[in-house]
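Spelled out from the first residue to the last, the chains are:
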Amino acid sequence: MAQIELRNVGLRYGEQTVLSGLTLNVEEGEFLTLLGPSGCGKSTTLNLIAGLLEPTSGEVLIDGRPMAGVAPRDRRVAMVFQDYALYPHMTVYENLSFPLRAIKLSESAIRDKIAGVAQALAITALLERLPKALSGGQRQRVALGRALVRDPGVFLMDEPLSNLDARLRVAMRAELKRLHQQLCTTMVYVTHDQAEAMTLSDRIAVLRDGVLQQVGTPREIYQRPVNQFVAGFIGSLGMNFLTCHLEQDPTGTFLRQDTFALRVPASVAQRLVQQGGDFVVGLRPEHVVIGEGVDVDLRANVEVVEYLGSETLIHLRVGDTVLVGKAPAETLIVPGQHVGACIAHASACIFDAANGGLLATDTDGT
Amino acid sequence: MTITFSVRWVKYSLTFLVLAGVAILMLTPVVWILVTSLKPEAEIYRFPPQWIPLQFTLDNYKAVLQSSMPMYFVNSIVVAVGTIVLTLFIAMHAGYAVSRFQFRGKNVFLFLLMASHMMPGVASLVPTYLLAGKLGLLDTYAVLILVYSMWQTPLVVWLIQGFLESVPATLDQAAMIDGYSRLGAFYRVVLPLSKPGLAASAIVVFVYAWNEFIMALTLTSADNMRLAQVGLKYYISQYGIQWGELAAAVILSIVPVLILFVLLQRWFVYGLTSGALKG
Amino acid sequence: MRAARIPFTPYLLILPAIVLVFVVALYPMAYALHLSVHTSELMTTGAFVGLANYRALLSDPGTLWSFAASVIFVAGSVGLAILFGLSLALLLNEKVRFRTAFRASILVPWIVSQVVAAMVWRWLLNADYGPVASGLLNLGLPRLDPLSEPRLAMWVLILANVWRSVAFPMVLLLAALQGIPENLYRAARVDGIPWSMTFRHITLPMLRPTLLVCVVILSLSDFNIVALPLVLTGGGPLDATDLASLRLYREAFSDYQIGTASALAILLFLVNAVLTAAYLRSMRART
Ligand SMILES: Nc1ncnc2c1ncn2[C@@H]1O[C@H](COP(=O)(O)OP(=O)(O)OP(=O)(O)O)[C@@H](O)[C@H]1O
Ligand SMILES: [Mg+2]
């Protein structure tokens, strides 16, 4: 088990800046996920920790030791690559024994160790095969096995599930989680799939264009995203954003666009008035409940209806934006209909329209 | 319908006939030498000549095998193998550097390689000879191996580099994480996966070293250091032209390359042309 | 800021190649330059004489002729090799029975050494016992020894050279032909365009870069050829096939004129440099 610290790490290729000012701690035994869109520098960060790349500025520490100049093999890290990087000319057994041979383990110790890992991952029957004779899921297990045999201090995983089909991915996700609970090894996991990040992680670090946006537990990131980018990236459907202007009338302060209006508590209102300008209200689809009732906040036309089985998504036209809300699966709403929607005020986020930064979440009144 | 068919048929037959004719013509000179090598002396100097010997004999081959030619063949093999080893060793490391690293001066290096490959062999003949003489390297395997390796290294760097680049870089990275050094990863993972490239390179180098003449002629003079091609040339002057024996020697000298060619035609063609296609 | 660590690994890896190329290629060239401006006395370097060696060379009609002979030889060889190579490639691009066997037999002369090629042709054309002489007699033509006819010798040399080198452009052009998208031809056929026009407006333009590469590479190797003319004609008869490359060899190793031979080497080097530059340009055009 090990603890990792990135201090103000930057990486440039010539003119191009890939990472800048990345500061991040990974605690012992923690499962930390690096999340971000393609090309944001996730693999790069992982490679910096592994020692496959050296930072152009800042430093990487493992267990408090600066890692500059320390070769990958001396860092006690194991890595699972996105393409698995199984050695095509070696059988599964040889692939698994490769890291053990590097440390000159005795042949019998190697055999025992591999037998144990193979059993745990249910690949015992595959040991004599070449990687090209394996299915994607089997390859993934072998790659995992090759990382496991080494008893590393840190597991680095670069999108290990991205080449699997959807069903297998969900199954392996649970298996990874179980594995981590069993081993309690520090784990840095890279993905661009927010669902994986949410389900697996102790904490998530969201990256964008090489800049760290937010680090926090899945709950923190989901409920209090620091900016519109994070808010839009997290959650399976992303967040609805409505650009609103501030309106004050005797009944209170509102953020309004077209027929949409969000009442702002007095404590928040004061700050918004001071700040001035436009604001963006962020609402997750599950906080826009479609249906008739006493406390309808909004009425709008239905544009699209998406039936998901467990529920139905309704796209509403509000001014020049589309607001996605949810209705029960058995709803009879059809496109063109004029419907009411109930908004969970307490869960709305308010962002600065100028820079996308979070100004307030309605609940805490800060 | 019948007309299109017959037009196509005529075109097909013409193509076939022309190709067959050319193929035969291209082989004729070699076949003629082969035929000659199997004729007894009297028949060789008969006019008009016979394409099918009236009497087959292996006497010419026996005579060649009792001459110095076998020794020249051994010399050629030693030099060819030495050149293959040295060239591949140097070129695979350089190729790995070029395929896996970005470094200052990389383009200059590649340009120099290309330029030196294009440098005329004849133009460096005189200075190479004089330098080898000064260093006391004339009549050694070493000088031939060095000079041949130099001529082949650029080509083989390009050739091998293509194969190295087809091995995903994540494999080296995986090996480095699995506990190996950069070079360890190269030797244990990347090289085994580039075997076809090494084979193609070895063939190219072998054919070159086996067939090269002018450097071998100038850099060696002692009889026991002579290479096969030089030996063939001297066969003419040494014994007067014994066409029968010479023909047998020529055939024997073609055999190793021909065997390689028949067995590994694909790599052969790939290796010998790819130098021209890489930039 | 910490100083960036210099990644020495790649330099270590290319070091042997650099040493070899510098010591065995570039240094001798520099040495040749040095020799070319000094006198030579039987393999030892004498006094500095400036450009005297060059002047002597260029005022010798023999040298001038040898450059002309080289030009004739290169132009003839390259022209014919490209012409035949292209024709054969076009034929081999058709789906014909025994295609691989035909291709293989055309490749055989290519793997044979220049010495062997020279001997094979000498014996084939032998005026006393050769099949060519007998064939000509059968046709009622006079007995002919082409290697003793100054005008024919050059053609024999070119022919033998084309024989051994035609496979190279053929293989490259065949690969290039197979790389032309089939759709281009389908479109042309649908539009009813005749073969000659398809060839001129589709095939040739698509082959142009490869043709260029073939021309340059063949020119380079033909321009520097020594073994074939040395063994086949020895530069004769009457200097008819005394190519510049061959002359350089004889100047140095028959006449021991190291100074003038080096000057000639430098001149050859310059021609090569021009051809190489052309090659690099044609490569750039390809990509
Ligand atoms: N050798 C290189 N030279 C220049 N730029 C590079 C190099 N390697 C990576 N990059 C750039 O660095 C950025 C980050 O790359 P990285 O591989 O870390 O992305 P990623 O977040 O892992 O993306 P993905 O999800 O697609 O794997 C990309 O924009 C990429 O183009
Ligand atoms: Mg990546």
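Our structure's up above, just so we're on the same page.
Described below are features of the structure shown in this document. (Residues numbered from 1 in each chain as written. Chains lettered and ligands numbered in written order. Predicted model: local features only at pLDDT ≥ 70, side-chain atom pairs only at ≥ 80, totals over all residues. Heavy atoms only, no water.)

This part is about the pattern of salt bridges. Within this structure, the stated rule accounts for 20 salt bridges over all chains. Between glutamate 54 of chain A and arginine 75 of chain A there is a salt bridge, and its shortest N-O distance comes to 3.8 Å. In this pair, glutamate 54 of chain A is assigned in the loop between helix H1 (42-50) and strand S4 (57-62) and arginine 75 of chain A in the loop between strand S5 (65-66) and strand S6 (77-80), connecting sequence segments 21 residues apart. Overlapping salt bridges, with partners in common, bring together Asp60, Asp239, Asp242, Arg247 and Arg250 of chain C in one network. (Salt bridge = Lys/Arg side-chain N within 4 Å of Asp/Glu carboxyl O. Helix = DSSP H or I, 4+ residues; strand = E, 2+ residues; numbered from the N terminus.)

Moving on, we get to the site of ligand 1. All names here are of chain A. In the vicinity of ligand 1, 13 residues are found, and the nearest of them are Ser38, Gly39, Lys42, Ser43 and Thr44. Between ligand 1 and glycine 41, the relevant distance is 3.0 Å, taken from an oxygen atom to a main-chain nitrogen or oxygen of the residue. Glutamate 159 places a side-chain nitrogen or oxygen 2.9 Å from an oxygen atom of ligand 1. In isolation ligand 1 exposes 640 Å². Once the protein is present, 62% of that is buried. At the level of secondary structure, the elements contributing two or more residues to the shell around ligand 1 comprise strand S2 (16-26) and H1. Examining the composition of the shell around ligand 1, we find that three residues originate from one element, H1, more than from any other. Grouping the amino acids of the shell around ligand 1 by side-chain chemistry returns three nonpolar, eight polar and two charged. (Near = heavy atom within 4 Å. Polar contact = N/O pair within 3.5 Å; in protein donor to acceptor, adjacent residues only side chain to side chain. Areas by Shrake-Rupley, 256 points an atom, 1.4 Å probe, with all protein chains shown as cover. Nonpolar A, V, L, I, M, F, W, Y, C, P; charged D, E, K, R; others polar.)

A few words on the interface of chain C and chain B. Quite often, the size of an interface is put as the accessible area lost when its parts meet. Between chain C and chain B, the residue contacts involve 88 residues of the former and 87 residues of the latter. Per-residue buried area on chain C facing chain B is highest for Leu13, Ile111 and Trp123 of chain C; these three make up 10% of the total on that side. Across the contact surface, chain C and chain B share one salt bridge. Of the charged contacts, one joins lysine 11 of chain B and glutamate 94 of chain C as a salt bridge, the two residues approaching to 3.8 Å between their closest N and O atoms. Inspection of the region where chain C meets chain B yields seven residue pairs in polar contact (both at pLDDT 80 or more). In terms of residue count, helix H1 (residues 9-36) of chain C provides more of the side of chain C that touches chain B than any other element does, 20 residues in total. (Contact = heavy atoms within 4.5 Å. Buried area = accessible area lost by both parts, 1.4 Å probe.)

Attention shifts here to the interface of chain A and chain B. Across the boundary between the two partners, chain A contributes 21 residues, which contact 15 residues of chain B. Counting the surface lost from both chain A and chain B, the interface buries some 1600 Å², and carbon and sulfur atoms represent 67% of this. With a shortest N-O distance of 3.4 Å, arginine 146 of chain A and aspartate 178 of chain B are connected by a salt bridge. Our count for the contact surface shared by chain A and chain B stands at 10 residue pairs in polar contact (both at pLDDT 80 or more). Looking at the side of chain A that touches chain B, the elements with two or more residues in it are S6 and helix H2 (92-102) of chain A. Among the elements that make up the side of chain A that touches chain B, the one with the highest residue count is H2 of chain A (four residues). Tallied by class, the residues present in the side of chain A that touches chain B amount to 15 nonpolar, one polar and five charged.

Another point: the packing of helix H5 (residues 106-118) of chain B against H1 of chain C. The relative placement of two packed helices is expressed as an angle between their axes plus a distance between the axes. Close contact between H5 of chain B and H1 of chain C brings their axes to 11 Å; oriented N to C, the two are set at 40 degrees. Classed by the angle they form, the pair H5 of chain B and H1 of chain C counts as oblique. Of the two elements, H5 of chain B crosses H1 of chain C, and the hand of that crossing is left-handed. For the pair H5 of chain B and H1 of chain C, the contacting residues are Phe109, Leu112, Leu113 and Ser116 of chain B in the first and Ile14, Ala17, Ile18, Val21, Phe22, Ala25 and Leu26 of chain C in the second. Residue classes in the contact of H5 of chain B with H1 of chain C are distributed as 10 nonpolar, one polar and no charged. (Axes fitted to C-alpha atoms, helices over the stretch in contact; angles between N-to-C directions. Parallel < 35°, antiparallel > 145°, perpendicular 65-115°, else oblique. Left-handed = near helix turned anticlockwise from the far one by under 90°.)

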